[in-house]
Amino acid sequence: MAQINILAVANHPEILETIIRLINQNERWHGIPAGSLEEAEEVLRVNSIDLVLLGVGIDEETGERITSLCTSIDPRIVCLRHFGGGSGLLYSEIRHALSGG
């Protein structure tokens with residue numbers, strides 16, 4: 001099975017680190033962190049990304065800019081807002097988004 005690359009974008013370093021650690025516990029998923037719009041843009045331009053997880057501290061305008069960039073790079077990239085709630089919710093949200101839900 002192919003690896004699924006997940007870009008996680010959040011302004012809080014400790015939370016971003018935790019999200020990446022949780023994502024990487026699934027052997028099929030590879031989490032890539034970005035702490036800002038600029039970092040997210042760089043990752044999107046040089047990596048094949050399947051899902052973008054917009055997390056803590058990402059305001060609506062930044063989220064829209066990242067979503068628009070994803071659409072222009074590859075309309076198949078799924079963008080998902082995640083506000084916390086534990087690993088079970090995170091995994092469920094990712095699986096649901098990847099299944100086209």
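Residues numbered from 1 in each chain as written. Predicted model: local features only at pLDDT ≥ 70, side-chain atom pairs only at ≥ 80, totals over all residues. Heavy atoms only, no water.

Chemist: Just checking my understanding: could you explain the pattern of salt bridges for this structure?
Modeler: A side chain with one charge may pair with a side chain of the opposite charge, provided their charged atoms come close. Taken as a whole and assessed by the stated rule, the structure comprises two salt bridges. Its salt-bridge partner being aspartate 74, residue arginine 76 comes within 3.0 Å of it at the nearest N-O pair. (Salt bridge = Lys/Arg side-chain N within 4 Å of Asp/Glu carboxyl O.)

Chemist: Help me understand the nonpolar core, please; the structure alone is not making it clear to me.
Modeler: The nonpolar side chains of a soluble globular protein tend to be buried, and buried together. Among the nonpolar cores identified, the biggest contains 17 residues, and Ile6, Ala8, Ile23, Trp29, Leu53, Leu90 and Ile94 are the most heavily contacted of them. Elements with a contribution of two residues or more to this core: β1 (4-9), α1 (13-23), β3 (51-54) and α4 (87-98). In terms of residues, this core owes the most to one element, α1, which gives five residues. The contacts of isoleucine 94, once residues within four sequence positions are left out, are Ile6, Ile23, Trp29, Leu51 and Leu80. (Core = buried A, V, L, I, M, F, W, Y, C linked by side-chain atoms within 4.5 Å. Buried < 20%, exposed > 50% of the residue type's maximum accessible area, 1.4 Å probe, protein only. Helix = DSSP H or I, 4+ residues; strand = E, 2+ residues; numbered from the N terminus. Contact = heavy atoms within 4.5 Å.)

Chemist: So what exactly am I meant to see when it comes to the layout of surface pockets here?
Modeler: If you roll a probe as big as a water molecule over the atoms, it shows you where there is empty space left. Computed from the structure, the largest pocket encloses a volume of approximately 210 Å³. As for the largest pocket, its lining consists of 14 residues, and the residues nearest its centre are Ser48, Ile49, Asp50, Asp74 and Arg76. For the lining of the largest pocket, a count of residues per class yields eight nonpolar, three polar and three charged. (1 Å grid on protein atoms, 1.4 Å probe; cavity = no way out; pocket = protein on both sides within 12 Å on 5 of 7 lines; lining within 4 Å. Points joined across faces, edges and corners; volume = space filled by probe spheres on them. Nonpolar A, V, L, I, M, F, W, Y, C, P; charged D, E, K, R; others polar.)

Chemist: Would you explain the sheet that holds β1 in this entry?
Modeler: Strands belonging to one sheet form pairs held by backbone hydrogen bonds; the direction of such a pair is parallel or antiparallel. Across the sheet, four strands lie side by side as β2-β1-β3-β4; this open sheet has parallel pairing. Edge positions in the open sheet fall to β2 (29-34) and β4 (78-81), since each of these has one partner strand only. Sheet twist, expressed as the average angle between the axes of neighbouring strands with direction ignored, equals 25°. Judged from the four bridges that link them, β3 and β4 form a sheet pairing that is parallel. Across the sheet, the residue bridging to leucine 54 is arginine 81, located in β4. Here α4 sits on the sheet and contacts β1, β2, β3 and β4; the angle it forms with β4, its principal contact strand, is near 150°. (Pairing = 2+ DSSP bridges. Axes fitted to C-alpha atoms, helices over the stretch in contact; angles between N-to-C directions.)

Chemist: Looking at this model, I keep getting lost on the environment of leucine 51. Mind explaining?
Modeler: For leucine 51, the location among the structural elements is in strand β3. Among the residues examined, leucine 51 registers a relative accessible area of 0% and is labelled buried. For the pair leucine 51 and leucine 90, spaced 39 residues apart in sequence, the C-alpha separation works out to 13 Å.

Chemist: Hey, could you run me through the confidence of the model for the protein chain in this one?
Modeler: Parts of the model with low pLDDT should not have their predicted coordinates read in detail. This prediction gives the protein chain a mean pLDDT of 90; 97% of its residues lie at or above 70. By mean pLDDT, the top-scoring element of the protein chain is β2 (97), and the lowest-scoring one is α4 (86). (pLDDT = per-residue confidence, 0-100.)

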